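Listed below are the residues making up each chain.
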Amino acid sequence: MPIEFDIKITAKDMYRFNMHHAYTGFQGIFATVIGIGVLAVAALTYGKVETVYTMLYILFGVLFLVYMPVSLWMRSKRQMLVSPVLKETLHYSLDEKGIHVAVNDQTGDLEWNMIYKMISTKSNLLIYSSRVNAYVIPLAQLGGRYGEIKALAGRKLEKYRLRLK
């Protein structure tokens, strides 16, 4: 029996996906380390260098720490405005063959062997079809079906492709 549910993606859901994707990769980790490092330099050199240098260190540190989240928020809003598919309710059906998604008259199928990985975060279930593309499913909209999905995925995917809580 298939597991069926409807999902309405919001800009907040896309933002959470983009943040997870960015901050679990090299670029996000690097930007965070550099931002914290530059702020540490500002604190360590305060009073030892000219005030303008301290202010520049603080400015660059904050820029490294704030730029990515702000740009990801704007990107998420833009994705929601540009994509007609994301504005609609998506109907998901998961069965022994794979994942089937329907929106209006368009459908898409993703067989289990084509899934790159499946991850659950605090707020989303992410089903990656490649390293960068994923189906974003807000956990709050699953209506208690997460356990069924987790069990089905556990039977169909190799353990290294699963990171479900």
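Residues numbered from 1 in each chain as written. Predicted model: local features only at pLDDT ≥ 70, side-chain atom pairs only at ≥ 80, totals over all residues. Heavy atoms only, no water.

Let's talk about the pairing of strand 1 (residues 3–7)
- Burial of strand 1 is one-sided: the residues Ile3, Phe5 and Ile7 facing one way are buried, the residues Glu4 and Asp6 facing the other way are not.
- Inspection of the sheet shows strand 1 paired to strand 2 (residues 90–94) by 5 bridges, in the antiparallel sense. Across the sheet, residue Phe5 finds its bridge partner in strand 2, namely Tyr92. (Buried < 20%, exposed > 50% of the residue type's maximum accessible area, 1.4 Å probe, protein only. Helix = DSSP H or I, 4+ residues; strand = E, 2+ residues; numbered from the N terminus. Pairing = 2+ DSSP bridges.)

Examining the pattern of salt bridges
- Counted according to the given criterion, the structure contains 4 salt bridges.
- Of the charged contacts, one joins Arg155 and Glu96 as a salt bridge, the two residues approaching to 3.2 Å between their closest N and O atoms. One end of the pair, Arg155, is in helix 4 (residues 146–156); the other, Glu96, is in the loop between strand 2 and strand 3 (98–103), with 59 residues separating them in the sequence.
- Take Arg155: its relative accessible area is 56%, and that puts it in the exposed class.
- Glu148 serves as the salt-bridge partner of Arg145, at 2.9 Å between the closest nitrogen and oxygen.
- Its relative accessible area of 22% is what places Arg145 among the partly exposed residues.
- Its relative accessible area of 38% is what places Glu148 among the partly exposed residues. (Salt bridge = Lys/Arg side-chain N within 4 Å of Asp/Glu carboxyl O.)

Observations regarding the sheet that holds strand 5 (residues 117–120)
- If you walk across this open sheet you meet the 4 strands as 7-6-5-8, and the pairing is mixed. Two strands close off the open sheet at either side, each with one partner strand: strand 7 (134–138) and strand 8 (162–163).
- Inspection of the sheet shows strand 5 paired to strand 8 by 2 bridges, in the parallel sense. Residue Ile119 lies in a different strand from strand 8, and its bridge partner there is Arg163.
- Packing against the sheet, helix 1 (residues 11–23) makes contact with strand 5, strand 6 (124–128) and strand 7, and its axis sits at approximately 60° to strand 6. (Contact = heavy atoms within 4.5 Å. Axes fitted to C-alpha atoms, helices over the stretch in contact; angles between N-to-C directions.)

A closer look at the packing of helix 1 against helix 3 (residues 51–82)
- Relative to each other, helix 1 and helix 3 sit at 135°, their axes nearing to 8 Å. Overall, the two elements helix 1 and helix 3 adopt an arrangement that is oblique. Where helix 1 crosses over helix 3, the handedness of that crossing is right-handed. Residues Ala11, Lys12, Met14, Tyr15, Asn18, Met19, Ala22 and Tyr23 of helix 1 touch helix 3, and the partners they reach there are Leu65, Met68, Pro69, Leu72, Trp73, Arg75, Ser76, Lys77, Gln79 and Met80.
- Per-class residue counts for the contact of helix 1 with helix 3 are 12 nonpolar, 3 polar and 3 charged. (Parallel < 35°, antiparallel > 145°, perpendicular 65-115°, else oblique. Left-handed = near helix turned anticlockwise from the far one by under 90°. Nonpolar A, V, L, I, M, F, W, Y, C, P; charged D, E, K, R; others polar.)

Topic: unusual backbone geometry
- Positive phi outside glycine occurs at Asn104, with the angle close to 55°.
- Within the fold, Asn104 resides in the loop between strand 3 and strand 4 (106–111).
- Under the relative-accessibility criterion, Asn104 is labelled exposed at 62%.

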